[in-house]
Amino acid sequence: MDDIRVLLADDTLIAREGWNEILDTVGGLKIVGNVDQAPKTLDAVRNLRPDVLLMDLMWFGDEAAGATAISRIKQLSPKTKIIAVTAYRHLISEARKAGADAAIGKGFSRSDLVDLIRAVCDLPSAVPGERDPSAGRSDIARLVAGIGIPILGFILVTAVLISGMQSLSVTE
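These figures come from a predicted structure and were not determined experimentally.

Here's the deal with the overall build of the protein
Now for step 1: The number of helices and strands found in the protein is six helices and seven strands.
Now for step 2: A burial count over the protein gives 48% of its 172 residues as buried.
Now for step 3: Restricting to contacts in the protein with at least 6 residues of sequence separation, those with at least 24 account for 59%.
Now for step 4: For the protein, the exposed surface amounts to about 8400 Å²; the carbon and sulfur share of it is 53%.

Below, the structure is given as structure tokens:
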């Protein structure tokens, strides 16, 4: 099986570097690029053809920039799985309407991010060295699978980490 090709898109360098640091060490994933402006994301998707786009929703204070880009990207490349990343819960519904396949709140763990990427690609997950492979998917992916929702079409998974406790909402 080929590596999952991931494109990183956020207006803050520290976020892109952090995501890159997290994902660069995971087997089966390949970072194909990173983008620092929402409008550039469309060209990057066109040129790099990622399997997954990990994208911030608020760009330079513009709450609509992420959802607008998601809508355009889904028109251009409907097979690209888009994971919206945000610290602002109120933007999640806009990402859902625009075509995001999943959303995750900032503050996620390495294993949750990797498992979510694999889940939107409909793959089993386990982060080597951090999780017993026999345990299967992370809490997020297990909960999605456990309620019988196929990871196809339009699913929004929202993971919010608060004081070390996880809460999850899934909307079809």
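A short note on the pairing of strand β1 (residues 4-9)
Now for step 1: Here β1 lies mainly inside the structure; five of its six residues are buried.
Now for step 2: With helix α1 (residues 13-24) bridging β1 and its parallel neighbour strand β2 (residues 29-35), the resulting β-α-β unit is right-handed.
Now for step 3: Where β1 meets strand β3 (residues 52-56), four bridges bridge the pair, whose relative direction is parallel. The residue bridging valine 6 from the neighbouring strand is valine 52, located in β3.

A few points about the environment of cysteine 121
Now for step 1: Assignment of secondary structure puts cysteine 121 in the loop between α5 (110-120) and α6 (139-146).
Now for step 2: Spatially, the C-alpha atoms of cysteine 121 and valine 52 are 8.0 Å apart, while their sequence positions differ by 69 residues.
Now for step 3: Non-local contacts of cysteine 121, meaning those with residues more than four positions away in its chain, are made with Ile4 and Val52.

Some remarks on the pairing of strand β4 (residues 81-86)
Now for step 1: Within β4, five of the six residues are buried, leaving the element largely enclosed by the surrounding structure.
Now for step 2: Remark: the β4/helix α4 (residues 92-98)/strand β5 (residues 102-105) crossover connection has right-handed handedness.

Digging into the side chain of serine 77
Now for step 1: Note on placement: serine 77 falls in the loop between α3 (65-76) and β4.
Now for step 2: A polar atom in the side chain of serine 77 sits 2.5 Å from the side chain of threonine 80.
Now for step 3: Apart from the residues within four sequence positions on either side, serine 77 is in contact with Val45 and Arg49.

Description of the pattern of salt bridges
Now for step 1: Scanning the entire structure with this criterion turns up six salt bridges.
Now for step 2: Its salt-bridge partner being aspartate 36, residue lysine 40 comes within 3.5 Å of it at the nearest N-O pair.
Now for step 3: Residue classification places lysine 40 among the partly exposed positions, given a relative accessible area of 42%.
Now for step 4: Overall, aspartate 36 belongs to the partly exposed group, its relative accessible area being 31%.
Now for step 5: With its nearest N and O atoms 2.6 Å apart, the salt bridge here joins arginine 46 to aspartate 43. With a gap of three residues between them, arginine 46 and aspartate 43 both fall in helix α2 (residues 38-48), about one helical turn apart.
Now for step 6: The partly exposed category is assigned to arginine 46, whose relative accessible area is 37%.
Now for step 7: You can call aspartate 43 partly exposed: its relative accessible area is 40%.
Now for step 8: Look at the salt bridges and you will find they share partners, linking Asp10, Asp56 and Lys106 into a network.

Quick notes on α3
Now for step 1: Under the 1.5 Å per step criterion, the end-to-end length of α3 is 17 Å for 12 residues, consistent within 8% with the ideal 16 Å.
Now for step 2: Taken as a whole, α3 has its buried residues at Ala65, Gly66, Ala67, Ala69, Ile70, Ile73 and Lys74.
Now for step 3: Buried positions along α3 lie against α2, β3, β4 and α4.

Re the nonpolar core
Now for step 1: Residues Leu7, Leu53, Met55, Ile70, Ile73 and Ala84 are the most contacted members of the largest nonpolar core, which totals 25 residues.
Now for step 2: Of all the secondary structure elements, the ones that give two or more residues to this core are β1, β2, α2, β3, α3, β4 and α4.
Now for step 3: Among the elements that take part in this core, α3 stands out by supplying five residues, more than any other.
Now for step 4: Among all residues touching methionine 55, those that are not within four sequence positions of it are Ala9, Ala38, Thr41, Gly66, Ala69, Ile70, Ile73, Ile83, Ala84 and Val85.
Now for step 5: Ile4, Val52, Leu54 and Ile104 belong to the second-largest nonpolar core, a separate cluster that totals 22 residues.

Rules behind the numbers
Residues numbered from 1 in each chain as written. Predicted model: local features only at pLDDT ≥ 70, side-chain atom pairs only at ≥ 80, totals over all residues. Heavy atoms only, no water. Helix = DSSP H or I, 4+ residues; strand = E, 2+ residues; numbered from the N terminus. Buried < 20%, exposed > 50% of the residue type's maximum accessible area, 1.4 Å probe, protein only. Contact = heavy atoms within 4.5 Å. Areas by Shrake-Rupley, 256 points an atom, 1.4 Å probe, with all protein chains shown as cover. Right-handed = clockwise from strand over helix to strand, strands pointing away. Pairing = 2+ DSSP bridges. Polar contact = N/O pair within 3.5 Å; in protein donor to acceptor, adjacent residues only side chain to side chain. Salt bridge = Lys/Arg side-chain N within 4 Å of Asp/Glu carboxyl O. Expected span 1.5 Å × (residues − 1). Core = buried A, V, L, I, M, F, W, Y, C linked by side-chain atoms within 4.5 Å.

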